[in-house]
Number of protein chains: 2
Amino acid sequence: MVQSLGNHLIVEMYDCHSELINDRHSVENAMIEAVRISGAKMVQSVIHQFNPHGISGVIVIEESHFSVHTWPEYGYCALDIFTCGDEIDYYSALQYLKDAFMAKNLSVTEMKRGMLNLPVKLLHKPNTGEIQNEKRMYN
Amino acid sequence: MVQSLGNHLIVEMYDCHSELINDRHSVENAMIEAVRISGAKMVQSVIHQFNPHGISGVIVIEESHFSVHTWPEYGYCALDIFTCGDEIDYYSALQYLKDAFMAKNLSVTEMKRGMLNLPVKLLHKPNTGEIQNEKRMYN
């Protein structure tokens, strides 16, 4: 049985609202809310603001990650929603982020990651015990 | 002039060394070294270990991000190398990680992100002033 371990939405958002995608709090809040809407479980959020403009935001989730990189000067966001398991509503998360960033145009490429041919139904990442996290800052 | 803001390598690594891709330190050290080899500048590394197996690692760089999700039980890694600017040697980073994880097979999809039609040469993300980082832990 061919099955994929992960689902990856690769999203190009054009003509977004420049101020919204240049505000670290609005970007981080939108990403966190999108994770919540999807039903994924957040592990850690990292937000990085460039000067004079641009945001990089990554949320590590138990089911992989959400990431966004914004170019406010061009109204563009590169969004990735990478999830595993079959219980994550990534399309609702995408719809929410399109509205949050007021994107007028977008394109979506959906990729199946880790296509395996195994005789049994694949389990997504187990989460039955202690979860260890570590964070380091380099600057 | 049509130009892209970012370059995204979407990499499927099969038949990796199960123990190497299930060790948080070996995965994180390999990712950090790959970033260094590429010439990118690391901002923050987040590593998340699942129990009993599996690692999620994301490194936010000034030029976007590197991420890896491993399924040691299947010898599989989903690797993404997303960079901006034309000075990052992402292929050397990819070669290094293939060797580090002892992947016997891989496939690579290369996507140009943020294709824009502008009359001037695009600058990649500026880094001329203060960089602000923030980290939060959710557990």
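How each quantity is defined
- Residues numbered from 1 in each chain as written.
- Chains lettered and ligands numbered in written order.
- Predicted model: local features only at pLDDT ≥ 70, side-chain atom pairs only at ≥ 80, totals over all residues.
- Heavy atoms only, no water.
- Helix = DSSP H or I, 4+ residues; strand = E, 2+ residues; numbered from the N terminus.
- Buried < 20%, exposed > 50% of the residue type's maximum accessible area, 1.4 Å probe, protein only.
- Contact = heavy atoms within 4.5 Å.
- Areas by Shrake-Rupley, 256 points an atom, 1.4 Å probe, with all protein chains shown as cover.
- Expected span 1.5 Å × (residues − 1).
- Arc of directions from axis to C-beta.
- Polar contact = N/O pair within 3.5 Å; in protein donor to acceptor, adjacent residues only side chain to side chain.
- Pairing = 2+ DSSP bridges.
- pLDDT = per-residue confidence, 0-100.

Participant: What should I look at first to understand the overall build of chain A in this one?
Facilitator: Looking only at helices and strands, chain A features 2 helices and 7 strands. When the elements of chain A are put in sequence order from the N terminus, they spell out β-α-β-β-β-β-α-β-β. Across the 139 residues of chain A, 55% fall into the buried class. Long-range contacts, defined here as pairs at least 24 residues apart, represent 66% of the contacts in chain A between residues at least 6 apart. Split by element, the accessible area of chain A, about 5700 Å² in all, is 51% carbon and sulfur.

Participant: Looking at this structure, I do not really get helix H1 (residues 24-38) of chain B. What am I missing?
Facilitator: For an α-helix, the turn length of 3.6 residues means that residues three or four places apart are oriented alike. Residue and element names in this part refer to chain B. If you check H1, its first and last C-alpha atoms are 21 Å apart, about what 15 residues at 1.5 Å a residue would give, namely 21 Å. Along H1, the residues classified as buried are Arg24, Val27, Glu28, Ala30, Met31, Ala34, Val35 and Ser38. For H1, the angular spread of buried residues about the axis comes to 160°, placing them on one side. Near the N-terminus of H1, the side chain that reaches the backbone nitrogen of His25, with its oxygen 2.9 Å away, is that of Asp23. Looking one or two residues beyond H1, the residue adopting positive phi is Gly39, at roughly 90°.

Participant: Explain the pairing of strand S3 (residues 55-61) of chain A here, please?
Facilitator: Along any regular strand the residues' side chains alternate between the sheet's two faces. All names here are of chain A. The buried fraction of S3 amounts to 7 of the 7 residues, a majority that puts the element mostly inside the structure. In S3, alternate side chains face the same way, and those of Ile55, Gly57, Ile59 and Ile61 on one face and Ser56, Val58 and Val60 on the other are all buried. Bridge analysis of strand S2 (residues 42-49) against S3 gives 7 bridges, and the strand direction is antiparallel. Residue pairing in the sheet places Ile47 in a bridge with Gly57 of S3. With antiparallel pairing between neighbouring strands as the criterion, S2 and S3 make up a hairpin whose turn holds 5 residues, including Gly54 at a positive phi of roughly 110°. Pairing analysis gives 7 bridges linking S3 to strand S4 (residues 64-71), with the strands arranged antiparallel. The residue of S4 that forms the bridge with Ile59 is Phe66. Here S3 hands over to S4 after 2 residues, the two strands then running antiparallel side by side.

Participant: How do you make sense of unusual backbone geometry when you look at a structure like this?
Facilitator: Among all residues except glycine, the phi angle is most often negative; among peptide bonds, the trans geometry is most common. Cis geometry is found at the peptide bond from Asn51 of chain A to Pro52 of chain A, where omega equals 15°. Tracing the chain through its elements places Pro52 of chain A in the loop between S2 and S3. One non-glycine residue, Ser64 of chain A, lies in the positive phi region at around 120°. Of note, Ser64 of chain A is situated in strand S4. One non-glycine residue with positive phi stands out, namely Asp15 of chain B, at about 55°. If you trace the backbone, Asp15 of chain B turns up in the loop between strand S1 (2-14) and H1.

Participant: It is not clear to me how the confidence of the model for chain A should be interpreted in this structure. Could you clarify?
Facilitator: The predicted coordinates ought not to be read in detail in places where the model reports low pLDDT. Residue and element names in this part refer to chain A. The predicted model of chain A averages 88 in pLDDT, with 85% of residues at 70 or higher. Counting contacts from residues 126-139, a segment whose pLDDT is below 50, to residues more than four positions away or on other chains yields 51 contacts. Interface confidence in the predicted complex, given as ipTM, is 0.87; pTM for the same model is 0.88.

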